[in-house]
Amino acid sequence: WIDLLWGSLLGILLLMIVLKQMLIGVTHRSYLYEVSLEYEGRRIELNAMLDTGNGLYTTIGRKPVILVNQHAVAMLLNSQVRSFLKNNSPDMWLANLNQCMDLGWLSRVEIIPYHSIGHKDLLLAFRIDHFVIMSKEGNAHIDNVMIGIYSGTLSKDGAYDVLLHPHIMNKLSKKEEASICA
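Residues numbered from 1 in each chain as written. Predicted model: local features only at pLDDT ≥ 70, side-chain atom pairs only at ≥ 80, totals over all residues. Heavy atoms only, no water.

The next thing to look at is the confidence of the model for the chain. Looking at the chain as a whole, the pLDDT averages 83, with 86% of positions reaching at least 70. A low-confidence stretch, residues 176-182 stays under pLDDT 50, and its non-local contacts, those more than four residues away or across chains, total 2 contacts. (pLDDT = per-residue confidence, 0-100. Contact = heavy atoms within 4.5 Å.)

Here the structure, examined in full by the defined rule, presents 2 aromatic pairs. With 5.5 Å between their ring centres and 75° between their planes, Tyr 39 and Phe 126 make a pair best called edge-to-face. In this pair, Tyr 39 sits in strand β1 (residues 32-39) while Phe 126 sits in strand β5 (residues 119-127), placing the two residues 87 residues apart along the sequence. On the accessibility criterion, Phe 126 (0% relative accessible area) is buried. Centre to centre, the rings of Trp 105 and Phe 126 are 5.8 Å apart; their planes meet at 55°, and the pair counts as tilted. One end of the pair, Trp 105, is in helix α4 (residues 103-106); the other, Phe 126, is in strand β5, with 21 residues separating them in the sequence. Just above the ring of Tyr 57 sits the side chain of Arg 62; from NZ or CZ to the centre is 4.0 Å. (Phe/Tyr/Trp six-rings, centres within 6.5 Å; stacked < 30°, edge-to-face > 60°. Helix = DSSP H or I, 4+ residues; strand = E, 2+ residues; numbered from the N terminus. Buried < 20%, exposed > 50% of the residue type's maximum accessible area, 1.4 Å probe, protein only. Lys NZ or Arg CZ within 6 Å of the ring centre and 35° of its normal.)

It is worth spelling out the pairing of strand β8 (residues 146-150) at this point. With 4 of its 5 residues buried, β8 lies for the most part within the structure. Note: strand β3 (residues 65-69) against β8, 5 bridges, orientation parallel. Bridge pairing links Leu 67 to Gly 148 in β8. Here β5 runs beside β8; their pairing, made up of 3 bridges, is antiparallel. Opposite Ala 125, over in β8, you have Gly 148 as the bridge partner. (Pairing = 2+ DSSP bridges.)

Next up on the list: the sheet that holds strand β7 (residues 138-142). The sheet built from 9 strands is open, its strands ordered β4-β5-β8-β3-β9-β2-β1-β6-β7 with mixed pairing. Across the chains shown, the open sheet's two edge strands, defined by having one partner strand only, are β4 (109-116) and β7. On average, adjacent strands in this sheet sit at an angle of 35° to one another, irrespective of strand direction. Looking at chain direction, β4 and β5 are connected through 8 bridges and run antiparallel. When the bridges of β5 are listed, Val 109 appears paired with Phe 126. (Axes fitted to C-alpha atoms, helices over the stretch in contact; angles between N-to-C directions.)

Printed below as a string of structure tokens:
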């Protein structure tokens, strides 16, 4: 009976661990979206996660800022901008902006002040041509989106390269509500 009791307890413990991991996975997936970014005729599709704590807005015009991994956004940019980002360390991007030869890209750049826990800094962001969130209900085209270039890694497991701004998701839900009522 003792072996049966210990085996049952071990089985219940393992079942609880598996169920917990499954619930975490389901919750994690419910915040994941597929997005499309387009800039100067180049288009990339990436996985994105809703970041409810993202409160980044541009200082001019209060446009929401979406964070994208540097390696992912590099595929969207031309060789001059990729070279600039690669040849300068992220902490020197702003100081060395005059070294970037792509004047078209520079005309779309904004510097975004931000702070995280115990840290204040400036973020390099640029305006893209088109931003689309793809969902089961359809595609939502969002205007005036700024892409903040994040030099670190947003997802430890590589599940996403983009952190969505909650304001953008509010626009998405309003569009879905409008399409339901129409």
